Amino acid sequence: FQGVPGTGKTHVARSLARLLTHDRPGCVRLVQFHPAYSYEEFVEGIRVRSAETEVTYPVEDGVLAEFAAQAVARPSEPHVLIVDELNR
């Protein structure tokens, strides 16, 4: 959906997603892009993790990869990912 702010696009998208997924918990995910949101957070990326004595840099899944894995694990259920503010 596109249009001016405040016209209910996100509300309509959420309602449609709930309808498509039959309101199953966990089958709808909303991601809102903002200027600081990065590829590493959305798809996958290197994250800094520190323990008491060492620092590691594991590659971790982002929101999209995690949600896709969930959908693959439950193939009989429809899953909907809503990306809000895609223009950013």
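Up top is the structure.
Residues numbered from 1 in each chain as written. Predicted model: local features only at pLDDT ≥ 70, side-chain atom pairs only at ≥ 80, totals over all residues. Heavy atoms only, no water.

1. Side note on the nonpolar core
Item 1. Among the nonpolar cores identified, the biggest contains five residues, and these are Val-31, Phe-33, Tyr-37, Phe-42 and Val-63.
Item 2. Among all residues touching Phe-42, those that are not within four sequence positions of it are Val-31, Phe-33, Tyr-37, Gly-62, Val-63, Leu-64, Ala-65, Leu-81 and Val-83. (Core = buried A, V, L, I, M, F, W, Y, C linked by side-chain atoms within 4.5 Å. Buried < 20%, exposed > 50% of the residue type's maximum accessible area, 1.4 Å probe, protein only. Contact = heavy atoms within 4.5 Å.)

2. A short note on unusual backbone geometry
With glycine set apart, most residues show a phi of negative sign, and most peptide bonds adopt trans.
Item 1. With a phi close to 55°, His-22 is a non-glycine residue in the positive phi region.
Item 2. Mapped onto the secondary structure, His-22 falls in the loop between helix H1 (9-20) and strand S1 (28-32).
Item 3. For Asp-23, which is not a glycine, the phi torsion comes out positive at approximately 60°.
Item 4. Inspection of the secondary structure puts Asp-23 in the loop between H1 and S1.
Item 5. In this structure Asp-23 comes out as exposed when scored by relative accessible area, which is 53%. (Helix = DSSP H or I, 4+ residues; strand = E, 2+ residues; numbered from the N terminus.)

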